[in-house]
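This is what each chain is made of:
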Amino acid sequence: MQKMTKSLATSKHIFNITAEQRAALCSPQLCCDDVEFNEILKSIKQTYNTEGFVLIRGLLDDDAKERLVAAGHELQSADTRRPPIGNQFNALEFGSAFNSEKVIFREVALDSAIPAVIAKVLLDIEEKDDEDGDEKKNDTTLRLLKDAFMAKGKEELHCGWHVDDNLFWPTDSSSSGVNVWLSLDEMPAEYGGGMAVSPKSHTAEWRRDAYTSIGSTPTLPPEGVSPAQLRKTFGQTCNMASLNEEINAKIESTKLVFDYQPGDCLFCHRWLFHRSTIINEDGMNHYDDNSALKRYTIRYERGSAKLIQGVNLEPSVLIDPQNSGKSLDEVCEINNKPFYPRCWPPLQVEEKKLQSVGMDILSQEIFPLAQKKKIETIQGLMAAGAGKA
């Protein structure tokens with residue numbers, strides 16, 4: 001394996017948040033008296049908008065960080081009895097925030113400073129004056145779209161340059177949510193094993209060609225995913241290198257990597273191209289044979305974002321096809337179930353308890369049924385495709 005030689009992220013991409021600033025972010029009203037903090041937030045937003053990403057340190061307090069790392073270690077250790085998942089993951093758990101035994105994932109995804117940064121700074125979800133001018137109201141929500149715990153080590157396969165497909169990001173292309181990549185281990189860039197990004201790729205001229213090459217969501221027609229389209233693009237997301245060598249080379253030439261520390265939060269625009277990096281020879285010597293580098297990925301969207309229409313492997317749609325094409329807010333309200341838990345505006349205590357109970361019910365009763373339907377749907381689609389071959 002070759003050593004990683006591309007650029008290391010500079011200080012302009014990395015911001016450090018103090019405990020006091022973290023508390024201000026988590027408060028109902030962001031403190032505006034701290035001029036220095038306001039300048040930091042402006043720089044964070046400008047960097048994110050221009051570069052398509054920003055790395056922030058200090059968003060988790062030491063207790064939350066230690067609990068999250070410990071929970072990740074337990075999940076990874078529990079999976080060591082099984083072979084790597086698809087030769088790409090040492091461990092993988094979708095929907096970790098719905099895990100009632102590892103509630104720290106839920107706390108981090110829904111109640112920490114992470115969604116607060118997205119709502120208050122990156123997506124600028126603001127409170128507005130009510131018509132009578134006496135109260136504040138918020139007509140926009142921030143919701144948890146998808147999350148997953150992953151551990152990657154010396155597996156054979158690694159996902160190449162991509163934007164998330166409709167399995168990982170099931171809303172249509174009109175939305176621009178935020179993907180958070182949270183490191184649970186120290187990952188020096190010199191050893192590989194972390195995440196690389198392509199700066200400004202969310203606005204690059206070549207991005208349309210890249211979407212077409214891997215069958216990304218922006219290439220879908222208004223009616224959404226057809227059975228033929230799903231069969232054609234299923235599994236292509238990670239294969240840019242073999243599908244379009246020219247575009248892959250362009251993206252690779254812009255590659256930026258980080259020296260990740262536990263608790264680092266890399267915020268990426270939905271349409272920013274990114275890829276995992278392979279542990280190189282020095283890394284093989286640095287990490288022991290049983291090592292698996294752990295990360296927690298969280299995808300956030302405005303509640304107004306709409307689910308993709310057509311063939312859909314999303315649990316909420318598999319359970320009720322009428323949810324196809326609806327907004328995340330509508331799906332949760334109509335079904336009275338937190339398929340997409342609300343992160344912002346902050347819930348009141350009783351609302352939070354009800355949402356948590358609903359998440360447990362989904363995890364224990366609804367999601368297993370959806371998983372069964374998902375397998376049946378995929379098998380049916382592939383069998384139909386084989387019949388036409």
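Residues numbered from 1 in each chain as written. Predicted model: local features only at pLDDT ≥ 70, side-chain atom pairs only at ≥ 80, totals over all residues. Heavy atoms only, no water.

**Some thoughts on the overall build of the chain**
Helices and strands together make up the secondary structure of the chain, namely 13 helices and 14 strands. Classification of the 389 residues of the chain by burial places 52% in the buried group. Look at the contacts in the chain between residues 6 or more apart in sequence, and 81% of them connect residues 24 or more apart. Surface exposure of the chain reaches about 18,300 Å², of which carbon and sulfur atoms provide 49%. (Helix = DSSP H or I, 4+ residues; strand = E, 2+ residues; numbered from the N terminus. Buried < 20%, exposed > 50% of the residue type's maximum accessible area, 1.4 Å probe, protein only. Contact = heavy atoms within 4.5 Å. Areas by Shrake-Rupley, 256 points an atom, 1.4 Å probe, with all protein chains shown as cover.)

**Details of the state of the cysteines**
Applying the stated rule across the entire model yields one disulfide. Through a disulfide, Cys 159 is tied to Cys 238; the S-S separation comes to 1.9 Å. When the S-S torsion is -90 degrees, as for the bridge of Cys 159 with Cys 238, the disulfide is left-handed. Here Cys 159 is found in the loop between strand S7 (142-152) and strand S8 (178-183), whereas its partner Cys 238 is found in the loop between helix H7 (227-233) and helix H8 (240-243), with 79 residues between them in sequence. A relative accessible area of 10% places Cys 159 in the buried class. On the accessibility criterion, Cys 238 (24% relative accessible area) is partly exposed. (Disulfide = S-S within 2.5 Å.)

**Thoughts on the pattern of salt bridges**
Evaluation of the coordinates by the stated rule reveals 17 salt bridges. In this structure, Glu 39 and Lys 42 form a salt bridge, with 3.7 Å as the shortest nitrogen-oxygen distance. Residue Glu 39 and its partner Lys 42 are both found in helix H2 (residues 35-51); the two are separated by three residues, about one turn of the helix. As a salt-bridge pair, Asp 63 and Arg 67 come within 3.9 Å of each other at their nearest N and O atoms. Taken together, the positions of Asp 63 and Arg 67, both in helix H3 (residues 62-78) and four residues apart, correspond to about one turn of that helix. (Salt bridge = Lys/Arg side-chain N within 4 Å of Asp/Glu carboxyl O.)

**Some thoughts on H2**
Relative to the 24 Å expected for 17 residues at 1.5 Å per residue, H2 spans 24 Å between its end C-alpha atoms, a close match to the ideal helical length. Those residues of H2 that are buried lie in contact with strand S2 (14-16), helix H1 (19-26), strand S3 (53-57), helix H5 (113-122), S8 and strand S11 (265-269). (Expected span 1.5 Å × (residues − 1).)

**Here's the deal with the pairing of S7**
Two faces belong to every sheet, and in a regular strand the side chains alternate between them. The buried count for S7 comes to 11 of 11 residues, which makes it a mostly enclosed element. Of the strand pairs in this sheet, strand S4 (residues 91-94) and S7 are connected by four bridges, and their pairing is antiparallel. The partner of Ala 91 across the bridge, within S7, is Ala 151. Here S7 pairs with strand S14 (residues 342-344) via two bridges, running antiparallel. Looking at the pairing, Arg 143 lines up with Arg 342 of S14. (Pairing = 2+ DSSP bridges.)

**Observations regarding the environment of Gln 309**
Mapped onto the secondary structure, Gln 309 falls in the loop between strand S13 (293-302) and helix H11 (315-319). Separated by 16 residues in sequence, Gln 309 and Gly 325 have C-alpha atoms that sit 4.9 Å apart. Dropping the residues within four chain positions of it, Gln 309 is found in contact with Pro 222, Glu 223, Gly 224, Val 225, Ser 324 and Gly 325.

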